[in-house]
Amino acid sequence: MNEPTVLDLIIETHVGLERQGPGSPETTIKALSLVNGLNKNSRVLDLGCGTGGQTMVLAQNIAGNIFGIDQIPEFIDIFNENAKKLGLEKRVQGLVGSIYELPFKKEEFDLIWSEGVIDNFGSEKGLKYWHGFLKKNGYIVVSCASWFTDEHPKEIEKFWTDADCELNTIEKNISIMRKAGFTPIATFKLPKECWTNNYFVPREKAEKTLPEKYPGSKTVEAYMKDEKREVELYTKYNQYYGYAFYIGKK
C-alpha cells in the first residue's frame, strides 16, 4: 500500500465524523437565534461545510434554500447523502468548490455561515471577500478558534503559529468584522465539550484504525503524534483559547 499523505489521513479520519471541527447542534441553534428575517425565500450559504453536521441543523430550523461548499469531494458526497436521508435534498445542496472563489453572484445570499474555517483563510481577508455575496442587511455567522486572554503561554502560541492558523482575541475579531463592513451583533464562547466530547473523542476513535491499515507508516506515526499533541495542549491551556461564534450584519 502506498504511503498516505497527511490530506489522505485528514479525510479518512474526518469523513465519518458528524462534525469536522468543534461545535454542537446547541451552539449552532444559539447562533442562528441571533439572525432575523429569514423566510422560505431566503438563500443561505455554508462555507467549509464538511459533511454538513451544522448545515442539516440549520435546514431543520429555518426555511429557504441552503448551499454547502467544501473542497473535499468525499465530504460533499456524504453531505448530499445526509440531506437526502433527512428529506432535505430539494432545498439543501452540497457543492465541491473553493471558499476562496465562490461560483455565485454578488449580493445573492441572506445569510453566510461558516464554522471553523475562517482562521485558515484569514479573518480580514475572508470577511471582506464574503461581504460582497451578502444582500444588504444580510448576516454573517462564523466560528473560529480565538484567544480568550491578551497574554498566553509561548508553548500554545507556537503551536498555532506552526499550524499556520490565525488566532486573534475576541475583541480583535470584532474589530476585524467591523472593518470588513459588518455591524457586530453578538459573540459567545463555545463550551469545552464542543472541542473535547464532540470532536476530539470521535476523531481519536477514527484514528485508532490507521496503524493497522498503514503498518510502519511514518506519515501515520507523525500525524497521530501531532493530533495527540493538539489534545494535550488544549487540555493544558483551554483557559487561554477556544472556539467562539461571531454574528454580524451587513
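Think of each chain on its own: its residues are numbered from 1, step by step along the sequence as written. With pLDDT at 70 or above as the cut-off, local features in this predicted model cover only qualifying residues; side-chain atom pairs require 80 or more to be listed or tallied, and sums for whole chains, interfaces and linings still use all residues. Heavy atoms from the whole structure form the basis of all side-chain values; hydrogens and water molecules are not counted.

Re the side chain of Thr55
Rules: By the criteria applied, helices consist of DSSP H or I runs no shorter than four residues and strands consist of E runs no shorter than two, each listed in order from the N terminus. By definition in these notes, contact holds between two residues if any of their heavy atoms fall within 4.5 Å.
The residue Thr55 is located in helix H3 (residues 53–61) in this model. In this structure, Thr55 is in contact with Asp46, Cys49, Ile66 and Phe79, ignoring residues within four places of it in sequence.

Observations concerning the nonpolar core
What counts here: Nonpolar core, defined: a set of buried Ala, Val, Leu, Ile, Met, Phe, Trp, Tyr and Cys residues in which side-chain atoms within 4.5 Å join the residues together. Burial classes: relative accessible area under 20% of the type maximum marks a residue as buried, over 50% as exposed, and values in between as partly exposed (1.4 Å probe, protein chains only).
Formed by 41 residues in total, the largest nonpolar core has its most connected members in Trp160, Trp195 and Tyr241. Setting aside its immediate chain neighbours within four residues, Trp160 contacts Ala145, Trp147, Cys165, Leu167, Trp195 and Tyr241. Ranked by size, the runner-up nonpolar core spans 25 residues in total, among them Leu47, Phe109, Phe133 and Ile176.

Structural notes on the pattern of salt bridges
This is how the line gets drawn: One side-chain nitrogen of Lys or Arg within 4 Å of one carboxyl oxygen of Asp or Glu is enough to make a salt bridge.
One pass over the structure, following the stated rule, counts 14 salt bridges. We note a salt bridge from Glu115 to Arg19, for which the minimum N-O separation is 3.0 Å. Taken together, the residues Glu115 in strand E4 (residues 109–115) and Arg19 in the loop between helix H1 (6–14) and helix H2 (25–32) connect sequence positions 96 residues apart. In this structure, Glu115 and Arg19 share a single accessibility class: buried. Connected through salt bridges with shared partners, the residues Arg203, Glu207, Glu227 and Glu230 form a single ionic network.

Re the side chain of His131
We count it as follows: Side-chain atoms alone can form a polar contact between residues adjacent in sequence; in general such a contact is a pair of N or O atoms within 3.5 Å, and within protein one must be able to donate a hydrogen while the other accepts it.
Mapped onto the fold, His131 is located in helix H6 (residues 123–131). Of the polar contacts made by the side chain of His131, one reaches the backbone oxygen of Gly181; its length is 3.3 Å. In this structure His131 touches Ala180, Gly181, Phe182 and Lys250, once residues within four positions along its chain are discounted.

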